[in-house]
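Descriptive structure summary
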Amino acid sequence: MSTSWSATITYYDPFGIAPHIIKDIQSRLPLRNLQWDNPPRPLRSIASLEVNLQEESLGDDAVPKHQIPGLSDSPYMKLILVKCEDNDTYRNSVRGIIREWFSTKVASKRDSTEWLIMYFEPIGTTSGSNTALRFKTGGFDKTKSDFNSSAKEDRCILVKAAQTAQGKIGPYTIEDTEFWNEVMSKVKDGVLNAFGRRVRMYEEEVRKLEAKRNIPGWNFATFFVMKEGLALSFESLSLLEDALMQYDELDATFMQLMRSNNADFFQNIGFNIKTAGKLLSEDRDNEMLRHQILQNHITLFDFRCYLFSKQASILLLLLSSANSPSMTAVRVADFLVRTRNFTLETSKMLISYGKNSYFVANWVFGLVQEVMDATQVQPAVIQGGHTRDVAEGRADLLLLSRSSIEQLAAWKGWRIGDGGLEDTDLLSEVEMTAEDEVTFDEYMNPRLKELLSSEEKFVTAYLEMTEIVRSLYESADRTRSVDKLRAQMAIIKYKQKEYEQTVRLLASLPQLYSSQGWETISTNLFMIYADCLEHLGRTDECVKIYLQALANRDQSSIFQFSDICTKINALCNSLTTEFTFALPALFSTSVSKTISVSDDEDDSFYISLEVTNPFAVAWTLHGVSIRTIEPDGMKHTVIFQSGKDVLLQPGVTVIKLRTTHSIPGVYEIDSIEFRIGKLVLIKDYFGEQPIENQTMLMYQQPGNMDVKLSTPSCMKLEDQKLVIVEIHTGWNEVQEAKITARSASTGLKLAVPQTTGTLVSSDNTEVPIAVESMAGSSSQLTFGAAGKNSVVCLSMPITFSSGSKELYIRVQVEFKAGNDEYYSVAVVRHVSITLSLVVNVQDIFKVSSLFSRFSVSCIGQSTPLRIVSGSLIGTDEFDVAGGKGGQRSYVAFPKQPVVYSFRITRSGNGKLRTQPEPLTLVIRYRRLEDEVRQSVSRIVQEKLAATQAAKYALLIAEYMQSVMTCDLNAYGFLGKLQVGEYDAAEWSSVLGQIENGDRVIIETTLKEIYEYTPRKEEDFLHQFTKELVIPVAIPSVQVLFSVELDYLRDSESDSDQFGDRVFYIGQPITVRMKLRCTNAWTPAGDDKKDVFKMGDVEFAYEVSASSDTWIISGKRKGHFIVSEDVVECALTMLPVRHGNLLLPRIDVKPSQQEQRDQVVTAEVEYKNLAESILVLPEVSNVVLAVGE
């Protein structure tokens, strides 16, 4: 679109000299590189300004003084061309002509205008100063004197004929070029100065008018014309951005008036199909429209169109002047967005005022086509990221055009389809009169008329246009719009029964709309999709889509879902593959808060499931199951099942689910499954969107089969390690059973195939039971029948790493009960393999006997033991005596061991056998903690057994053992069994799983137990006594030294026993040390260890005593060779203090040389050990002083 806007410059030529000057001015147009500086605006640069150079006369365009500025196209610069031969001519005529021109053409105008006087000097004349007549001046000087307003502003230009193109001989000189550059610079400055003053004047007038906006009677038309005058001024100087801003502000003001219903200055709405022509046409009479606006004679529609056309014309000018592909794209995109907004707002306005919607559709179609043609830009021109904006804008406009076609097609009875995806527009169907139809046919857009000539052409055009829009939206990354267009095309293909193409187009679309919350649209598309799949025989996919349609039912009421439910029920039986679907999308479910035990005597457990069927059709479920899982620990799972088909009636149905597989523990719901043929409806509590869960407790009641682990009651240290697996049958009559045992601890290995078993029947009869290892399995065993209330004890060999303290074993028992039904129970039990006690022994050798002292103590600081008994059993070779109190029970506390002492003697007088049979130490004990736990457990079970809450006895007993606190020291010393205080918060997690009635009973019972807990008697605790059998080897020593001190009496009448005499301090006591050697405790047959056969084995003795007790003389130290000879030595001892004094100490050790050569084990029997003598102070005289 070309522009007609330019800056006007006029010239007045009263002397006919224009041919000499104007050609030079025209040759230097347009004006270039103008810089307009008008603070506070930033500096504006005008690269090129077109100039309309016109000649004027004095009376050709007189303008009334009352005319509002802005409607006239007054020049920015006026020139007057004069010449004068002498001063008289100047005074008589030229000066008057200039003054008349100034007053008529310059001073009388409201629009600011700049002016210049161009004084022409022909060849051969001089208009400057006369050198001959010094006091006379020329005409040019007189002109400057009369018309220059100030010395700084020179409005007079002297143009010599030799400087013009017509009078020039030869090329322009540098001086000539500089002269004309100065002339054009004055012209540019004049134009910019006039423009600046006009802008300031318009802005001031606009501010004044806008300030009166809220005053009644305010005239928008006057404000509009003044504001547009400012815009036209900017436009005339090619400041298009500033001009567009003024129109945008006018548009915003107009829309505010429309919203506030203050647009009463319009004559009427307007809009006539006959006159609603092109908006971008250059033939529009804008001058007439501006006068209509000023006079308030314009219609609302014409005003909107005029304002948009002005914006559009500037946008097209900006588009044509864009200097880069990126800027071109920005301009195009902006124009397209403005066009879309204008079209929607105007069509809405016309429809709201009752205009014929078909006429409006015709106008919309024409406008869109006009804009699309005007903005048709080659793709190569638009580059970079702005391509997206252009594509999006063109697609939006084409959708408006398509909507117009669809609206007019509906008038002819041609409809594309429904489904909630029709374009949302403001057009509505109206009744067309015969006259309207004639008019419409006459003025219908020719291109539109061709598209609507037949339904086939309409559908083809619609699809082509849709495909173009889809492609544009893809370029613009408008995925949602692309999806919508795909859906619309799919609906058309569905109506044309092209099912394959419909399926291809609808792939993932229904799900997409469902995820975005468009349930109605999604449901419609689901139904179309499913119907196409059914026609194509793709049953599996068809069922999936039907299910997704049902999942969107909440916001959709246009379909009868009963038919869908019936179809799904019928098609599920013919599915080729199994697939899953979200159960919550169809049914709501609620699971009971607790797992209940069986009321009959069997090992079944139950969960109640409440299902709400929102449909009017019953569903046949071929299987219902709930999978529960332990949130912590071993992550065991238990599945509850319906066991038979379930008819899910409309409304609420309660389903009781059962399991015969029990694993006691705390569970959460993992999933709920409904099976209909090969369709699996699943509610996954731990899926991508976790569901709020609940905890449920699976517990065993008295009578259920149970599994316990223990170590053997009698343990021999040298025997293979065993674990006892006790299987309590309870009320179950077991026909056959399979046991699976697996290690749950690192380093533990179970020798399952080597397991042996015994059966303890209800009458305590114990018989062996055949236990067989299953072929091909190293962890499974089987056994036969076992009656009610029987115990099958399995002794299972184990091996484990040395660092293990507690072993965990998972045991599962699967059995066939007397009712021919199969049950199973699985538990993970732990058993401690560390001994609770430690035994230390101290041996004292005598020549004829051995004294052994056994200290039995508990391990750790908090595990007191009750030592029930301790005994040492002799052999054929050795007799055992002593062990006083061994059959009484004692409590061993930390650092307070129980001690047993025994005297061991040989049955014969011979030497030790090479490998004598070891003695046997038997310790029977119980941990006090076990006593407390078992006592409390028994008490709880006994008290609850007599109530209706008996089924919770095992649960409460087990939990109480884990939470109770007991002072084991008080229990051990005083026999008081105190388990702490009842804490309701501590018990809330367990009691919350119990029904209200039973909960009250249990709470009452617990409070009684906590208040007073009687201690169980020995006859009950006896069964928990452990027996530890320890082989005690007879110690051996290579040589035993028997040392004694003999008192050498003075006469035969004196006693040779120290204890029979009294000694005095300083009295010499003569003794003889006797040292004998024996190998009585050396095993026979081992000559290498027989000290008498080893050659000369040298030992040393030393008699030592404290110097403040004894003074010893004689051979206190000496060496000797081990032999059967007696070593004797006489010694004299002098006591140095009185009292019962222990005899000196005698030590026997290998000599240093012997220590270096060989090691000989030796013990010393010092017969005088701990023997003392009485020493008195010697008193020979007693002096008595008698007072005078």
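Residues numbered from 1 in each chain as written. Predicted model: local features only at pLDDT ≥ 70, side-chain atom pairs only at ≥ 80, totals over all residues. Heavy atoms only, no water.

The next subject is the confidence of the model for the chain. Taken residue by residue, the chain gives an average pLDDT of 85. The fraction at 70 or more is 92%. This model gives residues 129-136 a pLDDT under 50, and the stretch forms two contacts once residues within four places in sequence are excluded. (pLDDT = per-residue confidence, 0-100. Contact = heavy atoms within 4.5 Å.)

When you line up the elements, Asp 602 lands in the loop between β10 (596-597) and β11 (605-613). The exposure class assigned to Asp 602 is buried, which follows from its relative accessible area of 11%. Considered as a pair, Asp 602 and Gly 730 are 128 residues apart in the sequence and their alpha carbons are 9.6 Å apart. Aside from chain neighbours lying at most four places away, what touches Asp 602 is Arg 658, Asn 704, Trp 731 and Tyr 823. Here the side chain of Asp 602 touches Ser 598 through a polar contact of 2.5 Å, side chain to side chain. Looking at Asp 602, its side chain comes within polar contact range of the side chain of Tyr 823, at 3.3 Å. (Helix = DSSP H or I, 4+ residues; strand = E, 2+ residues; numbered from the N terminus. Buried < 20%, exposed > 50% of the residue type's maximum accessible area, 1.4 Å probe, protein only. Polar contact = N/O pair within 3.5 Å; in protein donor to acceptor, adjacent residues only side chain to side chain.)

Here the focus is the sheet that holds strand β41 (residues 1039-1047). Pairing in this open sheet of five strands is mixed, and the strands run β45-β47-β43-β41-β50 from one edge to the other. Pairing within the sheet leaves two strands with one partner each, and these edge strands are β45 (1110-1114) and β50 (1162-1166). Recorded for the sheet is a direction-independent mean angle of 30° between the axes of neighbouring strands. Two strands pair when backbone bridges link them, and β41 and strand β43 (residues 1069-1078) are joined in this way by eight bridges, in the antiparallel orientation. Paired with Val 1043 across the bridge in β43 is Leu 1075. (Pairing = 2+ DSSP bridges. Axes fitted to C-alpha atoms, helices over the stretch in contact; angles between N-to-C directions.)

Attention now goes to the pairing of strand β21 (residues 706-710). By the criterion of burial, β21 is predominantly enclosed, with four of the five residues buried. As paired elements, β21 and strand β23 (residues 722-728) share five bridges and run antiparallel to each other. Bridge assignment links Lys 708 to a residue of β23, and that residue is Glu 726.

Enumeration according to the criterion identifies three cavities of 30 Å³ or more in this entry. Counted as a void, the second largest cavity has a volume near 50 Å³. Every residue along the wall of the second largest cavity is listed here: Phe 220, Ala 221, Phe 265, Phe 266, Ile 293, Asn 296, Ile 298 and Phe 303. In terms of residue class, the lining of the second largest cavity is built from seven nonpolar, one polar and no charged. (1 Å grid on protein atoms, 1.4 Å probe; cavity = no way out; pocket = protein on both sides within 12 Å on 5 of 7 lines; lining within 4 Å. Points joined across faces, edges and corners; volume = space filled by probe spheres on them. Nonpolar A, V, L, I, M, F, W, Y, C, P; charged D, E, K, R; others polar.)

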